[in-house]
Amino acid sequence: MVHIMAVRKKTSKKKAVRKKKAVRKKKSGWGGRRKGAGRPLGTGTGPSKHARINRVVAMLSNDELKILQAHAKREKLPLGTAAYRIIAQALRRLR
């Protein structure tokens, strides 16, 4: 005679992970947001319609970067501004 026994499905026995309580520090009243500080919401004109908001990345070789840096230094411009002016001038020619 064969006995057939029902066996329960084994389930994982994970222990519940308890979150550590944050250590509360004494509030000294310094730091954090201040009521009424800053520009009120909804004021201001927002960005200009001519604002440059699109980012483009160009990879330069060491030689190209040196040329760009020398140009920026001659023109007394930041590197990014010098690069922007070169690209903008080239794009105007493409019109």
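One can find the structure itself at the top, above this paragraph.
Residues numbered from 1 in each chain as written. Predicted model: local features only at pLDDT ≥ 70, side-chain atom pairs only at ≥ 80, totals over all residues. Heavy atoms only, no water.

Engineer: Go over the overall build of the chain with me, naming the residues and quoting the values.
Structural biologist: Along the chain, the regular secondary structure elements total two helices and zero strands. Expressed as a percentage of the 95 residues in the chain, the buried residues total 4%. Of the roughly 11,300 Å² that the chain leaves accessible, carbon and sulfur atoms contribute 56%. (Helix = DSSP H or I, 4+ residues; strand = E, 2+ residues; numbered from the N terminus. Buried < 20%, exposed > 50% of the residue type's maximum accessible area, 1.4 Å probe, protein only. Areas by Shrake-Rupley, 256 points an atom, 1.4 Å probe, with all protein chains shown as cover.)

Engineer: Outline helix H1 (residues 62-75), listing residues and values.
Structural biologist: Between its first and last C-alpha, H1 extends 20 Å over 14 residues, near the 20 Å set by a 1.5 Å rise per residue. Immediately downstream of H1, the backbone of Lys76 shows phi near 55°, a positive value. (Expected span 1.5 Å × (residues − 1).)

Engineer: Tell me about a nonpolar patch on the surface, and please be specific about residues and values.
Structural biologist: On the surface, Leu60, Leu65 and Leu79 cluster together to form a nonpolar patch covering roughly 220 Å² of accessible area. Position of Leu65 relative to the elements: it lies in helix H1. (Patch = residues over 30% accessible without salt bridge, like charges linked within 9 Å, V, L, I, M, F, W, Y side chains within 5 Å. Salt bridge = Lys/Arg side-chain N within 4 Å of Asp/Glu carboxyl O.)

Engineer: Which residues make up the layout of surface pockets, and what values do they have?
Structural biologist: Volume-wise, the largest pocket comes out at about 650 Å³. Around the largest pocket sit 19 residues that line it, and Asn54, Val56, Ala83, Tyr84 and Ile87 are the ones nearest its centre. Broken down by element, the lining of the largest pocket gets its largest block of residues, nine residues, from helix H2 (residues 79-94). Considered class by class, the residues forming the lining of the largest pocket number 12 nonpolar, three polar and four charged. (1 Å grid on protein atoms, 1.4 Å probe; cavity = no way out; pocket = protein on both sides within 12 Å on 5 of 7 lines; lining within 4 Å. Points joined across faces, edges and corners; volume = space filled by probe spheres on them. Nonpolar A, V, L, I, M, F, W, Y, C, P; charged D, E, K, R; others polar.)

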